[in-house]
Amino acid sequence: MNDRSLVQIAFYAALIAALGLLPKVAIPVMGGVPITAQTLGVMLAGVMLGPVRGALAVLLFLFLVALGAPLLAGGRGGLGVFASPSVGFLVGWPIGAFVAGLIMQKTGALRVLPAAAIAATVGGIGVVYLIGIPGVAFMADLSLMSAAIGSGVYIPGDLIKVAITAVVAETVARGLPRALLSRA
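Conventions used here
Residues numbered from 1 in each chain as written. Predicted model: local features only at pLDDT ≥ 70, side-chain atom pairs only at ≥ 80, totals over all residues. Heavy atoms only, no water. Helix = DSSP H or I, 4+ residues; strand = E, 2+ residues; numbered from the N terminus. Buried < 20%, exposed > 50% of the residue type's maximum accessible area, 1.4 Å probe, protein only. Contact = heavy atoms within 4.5 Å. Axes fitted to C-alpha atoms, helices over the stretch in contact; angles between N-to-C directions. Left-handed = near helix turned anticlockwise from the far one by under 90°. Nonpolar A, V, L, I, M, F, W, Y, C, P; charged D, E, K, R; others polar. Core = buried A, V, L, I, M, F, W, Y, C linked by side-chain atoms within 4.5 Å.

## Notes on the side chain of Gln-8
Then, in step 1: Counting through the fold element by element, Gln-8 comes out in helix H1 (residues 3-19).
Then, in step 2: Take Gln-8: its relative accessible area is 14%, and that puts it in the buried class.
Then, in step 3: Discounting chain neighbours no more than four positions away, the residues touching Gln-8 are Leu-49, Arg-53 and Leu-181.

Shown next, in the form of structure tokens:
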């Protein structure tokens with residue numbers, strides 16, 4: 001891995017952290033799992049950096065959180081967040097970024113905008129929820145169905161994040177195609 005890759009990984013980890021500065025919206029029905037802007041950073045990391053670098057950016061971010069840095073929305077950090085109802089979503093973030101990056105690589109025949117939308121939807125929503133919902137169910141003592149239904153409140157915001165990710169990827173691909181590493 002070269003210096004440029006390390007800088008890009010660090011940049012996207014910092015972007016995810018910066019998105020945590022936006023106020024969280026607490027959802028009491030889901031064991032307190034908040035609505036945050038940070039999943040936008042996860043989607044962008046995968047779509048823009050590709051599978052390995054995208055996942056590494058999210059893992060770097062989570063490592064800093066585990067060390068106690070208050071980088072999650074609402075200033076949360078430390079090992080305690082990995083024992084909260086959010087744990088499934090946090091574990092799903094690097095996997096979701098990896099899948100989003102992989103889909104971007106495999107959809108090279110598609111234009112960037114639809115490919116990025118598909119990648120962010122499958123990786124940033126589908127995969128993250130696939131891991132996050134059982135985590136919430138277990139940690140908040142909810143049935144899997146209750147957790148799945150409760151997660152519906154997150155879908156509109158996540159679809160907005162998918163649209164933002166797709167537009168950013170398309171814009172970058174037009175202005176600076178080499179910066180879209182998932183397609184390089």
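Next comes the rest of the account.
## Quick look at the packing of helix H5 (residues 112-139) against helix H7 (residues 155-175)
For any two helices packed against each other, one specifies the inter-axial angle together with the distance between the axes.
Then, in step 1: Orientation of H5 relative to H7, taken along the N-to-C sense of each, is 145°, at an axis distance of 8 Å. For the crossing formed where H5 meets H7, the hand is right-handed. In this structure, H5 contributes Val-112, Leu-113, Ala-116, Ala-117, Ala-120, Thr-121, Ile-125 and Tyr-129 to the contact, and H7 contributes Ile-155, Asp-158, Leu-159, Val-162, Thr-165, Ala-166, Val-167, Ala-169, Glu-170 and Ala-173.
Then, in step 2: Of the residues that constitute the contact of H5 with H7, the class distribution is 14 nonpolar, two polar and two charged.

## Notes on the nonpolar core
Then, in step 1: If you look at the biggest cluster of nonpolar residues, it comprises 49 residues, and the most contacted ones within it are Val-47, Val-58, Phe-61, Trp-93 and Met-104.
Then, in step 2: When contributions to this core are tallied by element, the ones reaching two or more residues are H1, helix H2 (38-49), helix H3 (51-66), helix H4 (87-106), H5 and H7.
Then, in step 3: Residue contributions to this core peak at eleven residues, all from H5.

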